[in-house]
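One-letter residues, chain by chain:
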Amino acid sequence: MLMTELCETLENTVRKLISENGLQAGIAFPTGCSLNWVAAHWTPNTGDKTVLQYDDVMKLDFGTHIDGHIVDCAFTVAFNPMFYPLLEASREATNMGIKEKWPENQKWSKVYKKEGNGQNERRPSGNFLPPGRER
């Protein structure tokens, strides 16, 4: 599959799922689909003929926004079982980092509400922290 087709398919699906509506809801940033040694943030340009191959390791990174709230989703895909240990090591490292940062919060996808006005407490690192949590 062409990388441009992959990105367009993902973005068109996201647009439908979130009911894209101008600045109210839509794609947050161009989809990144970096291959192999490219760590992140590569996006194919129109006309690019790069094809996803069996032996590729692809880092997929896409985002959505609804009413000013952004969600960033990134994960790694590989089809060749030779890379499965790499994928598992990455998952384990991510989970360990989350556990070490917030041992009491195993479900890292929770978004904590700030006491008082109900607004999300956003820190410079991009992490959402529960009220009163210090760095």
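Scoring rules and cut-offs
- Residues numbered from 1 in each chain as written.
- Predicted model: local features only at pLDDT ≥ 70, side-chain atom pairs only at ≥ 80, totals over all residues.
- Heavy atoms only, no water.
- Pairing = 2+ DSSP bridges.
- Helix = DSSP H or I, 4+ residues; strand = E, 2+ residues; numbered from the N terminus.
- Axes fitted to C-alpha atoms, helices over the stretch in contact; angles between N-to-C directions.
- Contact = heavy atoms within 4.5 Å.
- Buried < 20%, exposed > 50% of the residue type's maximum accessible area, 1.4 Å probe, protein only.
- Core = buried A, V, L, I, M, F, W, Y, C linked by side-chain atoms within 4.5 Å.

1. Re the sheet that holds strand β1 (residues 25-35)
The strands that make up a sheet are held in pairs by hydrogen bonds between backbone atoms, and each pair lies either parallel or antiparallel. Read from one edge to the other, the open sheet built from three strands follows the order β1-β2-β3, with strand pairing classed as antiparallel. A strand with exactly one partner marks an edge of an open sheet, and here the two such strands are β1 and β3 (69-78). Pairwise comparison of adjacent strand axes, ignoring direction, gives a mean angle of 10 degrees for this sheet. Pairing of β1 with strand β2 (residues 57-66) involves eight bridges; the strand directions are antiparallel. Bridging from a neighbouring strand, L35 pairs with M58 of β2. Across the sheet, helix α1 (residues 3-17) is in contact with β1 and β2; its angle to β1 comes to roughly 155 degrees.

2. Here's the deal with unusual backbone geometry
In this structure, S19 takes a positive phi of about 55 degrees despite not being glycine. Mapped onto the elements, S19 comes out in the loop between α1 and β1. Phi at D67 takes a positive value of approximately 50 degrees, unusual for a residue other than glycine. Its place among the elements puts D67 in the loop between β2 and β3. With relative accessibility at 52%, the residue D67 sits in the exposed group.

3. Quick word on the nonpolar core
Membership of the largest hydrophobic core comes to 13 residues, with the highest contact counts inside it found for M3, V14, C33, L52, M58 and L60. The set of elements that each furnish at least two residues to this core consists of α1, β1 and β2. The residues contacting M58, other than those within four sequence positions of it, are M3, L6, C33, S34, L35, L52, F75, T76 and V77.

4. Quick notes on the side chain of T64
Looking at where T64 falls in the secondary structure, it is placed in strand β2. The class of T64 is buried, set by a relative accessible area of 13%. Excluding residues that lie within four positions of it along the chain, T64 makes contacts with V14, I18, G26, A28, H69, I70 and V71.

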